[in-house]
Amino acid sequence: MTEQKTAAELLLESRVAVYGDRVDNMVRTAQMWGALLGVEIQPWQVPFMMSSYKMLRAMQAPDYSDNIDDVDGWNKMFREILGDDLIQARTVE
């Protein structure tokens, strides 16, 4: 049985050919934002910021799937940035 890809996964895959590696882009975006704001921005903060913007848009148009698909995509990118550093904490133990 094959696993169906989500709308966010399909969107992310389609963007690689045009925009390049997602993690590299988050690193460069953090550097650019940091330079503009005069503060250090970590690459993992970029998808959080972008996701929060898409959540705001989803609040204005909750029936518009693009917003929630993008939130899913930004969450996937967050996981990719953290990679092996992401702690799989499933319990409070």
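Residues numbered from 1 in each chain as written. Predicted model: local features only at pLDDT ≥ 70, side-chain atom pairs only at ≥ 80, totals over all residues. Heavy atoms only, no water.

## Focus: a nonpolar patch on the surface
How we decide: Candidates for patches are residues over 30% relative accessible area with no salt bridge; among them, like charges are joined within 9 Å and nonpolar side chains (Val, Leu, Ile, Met, Phe, Trp, Tyr) within 5 Å. Only the protein chains shown count as covering a residue, and every accessible area follows the Shrake-Rupley method with a 1.4 Å probe. The term salt bridge refers to a side-chain nitrogen of Lys or Arg lying within 4 Å of a carboxyl oxygen of Asp or Glu. In this text, helices come from DSSP runs of H or I with a minimum length of four residues, and strands from runs of E with a minimum of two, each type numbered from the N-terminal end. Exposure is judged per residue with a 1.4 Å probe applied to protein chains only, and the accessible area is read against the type maximum: over 50% gives exposed, under 20% gives buried, and values in between give partly exposed.
A contiguous nonpolar patch, built from Met32, Leu36, Leu37 and Val39 and spanning about 440 Å² of accessible area, is present on the exposed surface. You can see Val39 is positioned in the loop between helix H2 (22-37) and helix H3 (45-60). Val39 sits in the partly exposed class, given a relative accessible area of 45%.

## As for the pattern of salt bridges
For the structure on display, the rule yields 4 salt bridges. Measuring nitrogen to oxygen at the nearest pair gives 2.8 Å for the salt bridge that ties Arg22 to Glu80. In this pair, Arg22 sits in helix H2 while Glu80 sits in helix H4 (residues 65-82), placing the two residues 58 residues apart along the sequence. Residue class for Glu80 comes out partly exposed when judged on its relative accessible area of 26%.

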